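One letter stands for each residue in the lines below.
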Amino acid sequence: MRSATIAAAAVLAVLSACGSDGSSDDSAPKGSGDSSASATSLEIVVTPAEDAKTSTYRLTCDPAGGDHPQAQQACDALAKAGASVFDAVPKDRACTTIYGGPQTASVTGTYDGEKVDASFSRADGCEIERWEKLGTTFFNVPLQ
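Residue positions are given per chain, counting from 1 as you read along its sequence in written order. Given that the model is predicted, a residue must reach a pLDDT of at least 70 before its local features are reported, and side-chain atom pairs must reach 80 or more before they are shown or counted; all residues, however, enter totals for whole chains, interfaces and linings. For side-chain calculations, the full set of non-hydrogen atoms in the structure is used, while hydrogens and water are omitted.

Visitor: What am I meant to see in the pairing of strand E1 (residues 40–47) here?
Guide: If a strand is regular, its side chains alternate between the two faces of the sheet. When E1 meets strand E2 (residues 55–61), the two strands line up antiparallel, connected through seven bridges. Counted as the bridge partner of Val45 is Thr56 from E2. Two strands form a pair only when DSSP identifies at least two bridges running between them. For helices the rule is a DSSP run of H or I covering at least 4 residues; for strands it is a run of E covering at least 2, with both sets numbered from the N terminus onward. Both E1 and strand E4 (residues 101–111) contribute to a ladder of seven bridges, which runs antiparallel. Residue pairing in the sheet places Val45 in a bridge with Ser106 of E4.

This is the structure we're talking about:
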């Protein structure tokens, strides 16, 4: 009985020590001051038309900043769209063959502490929908 008690105490000690090295704290709510958990820092590269010069913007949120010309509005659009806007359209999803224009963009960095590496276009209905969830303010390119 004594060895079972010692073994149980040892298991509890090991389990309570797991993750307590101070290197990460997943229990802290996002936006609670832990800049690594709530960081939004993105690079947005936009090509407004074929053979057009690309524009690159840095966007940070909470607080809004970077060199994006409408940082607060872009952060608001991003918050409204949510993280799922960065998910690629599933290959088996049926999309309308409506062409929305030659605009393309890539977005890399972190959103709310999660890595982002997404591409956007207006090549079909599904891609147009993703683009419009963020809007022209986020990409800083007017549509013709």
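Picking up where we left off.
Visitor: Sorry, what's going on with the pairing of E4 here?
Guide: Examined bridge by bridge, E4 and strand E5 (residues 114–122) share nine bridges and lie antiparallel to one another. Residue pairing for E5: Tyr111 is matched across the bridge by Glu114.

Visitor: Explain the state of the cysteines to me, please; I cannot follow it from the model alone.
Guide: Disulfide: a covalent bond connecting the sulfur atoms of a pair of cysteines. We call a pair of cysteine sulfur atoms a disulfide whenever their separation is within 2.5 Å. Under the defined criterion, the tally for this structure stands at two disulfides. Residue Cys61 pairs covalently with Cys75 via a disulfide, S to S 2.0 Å. Between Cys61 and Cys75, the S-S dihedral sits near -95°, and the bridge is therefore left-handed. With Cys61 in strand E2 and Cys75 in helix H3 (residues 71–81), this residue pair connects regions lying 14 residues apart in the sequence. Using a relative accessible area of 10% as the deciding quantity, one classes Cys61 as buried. At a sulfur-sulfur separation of 1.9 Å, the disulfide partner of Cys95 is Cys126. Across the disulfide from Cys95 to Cys126, rotation about the S-S bond amounts to roughly -100°, and the bridge is consequently left-handed. Any residue under 20% of the maximum accessible area for its type is buried, any over 50% is exposed, and the rest in between are partly exposed; the area is computed with a 1.4 Å probe on protein chains only.

Visitor: Would you explain the packing of aromatic side chains in this entry?
Guide: Aromatic rings considered in pairs are described by the distance between their centres and by the relative angle of their planes. Two aromatic rings, drawn from Phe, Tyr or Trp (for Trp, its six-membered ring), form a pair once their centres lie within 6.5 Å of each other, and the interplanar angle then sorts them: stacked below 30 degrees, edge-to-face above 60, tilted otherwise. Scanning the entire structure with this criterion turns up five aromatic pairs. Seen from their ring centres, Phe138 and Phe139 are 5.1 Å apart, and the 90° between their planes marks the pair as edge-to-face. With respect to class, Phe138 is no different from Phe139; both count as buried. Each residue in the set Phe86, Tyr111, Phe120, Trp131, Phe138 and Phe139 is aromatic and connected to the rest through ring pairs, giving one cluster. Of note, Arg130 hangs over the ring of Phe120, and the distance from its end group to the ring centre comes to 4.2 Å. In this scheme, the term charge over a ring applies when either NZ of a lysine or CZ of an arginine sits within 6 Å of the ring centre and within 35 degrees of the ring normal.

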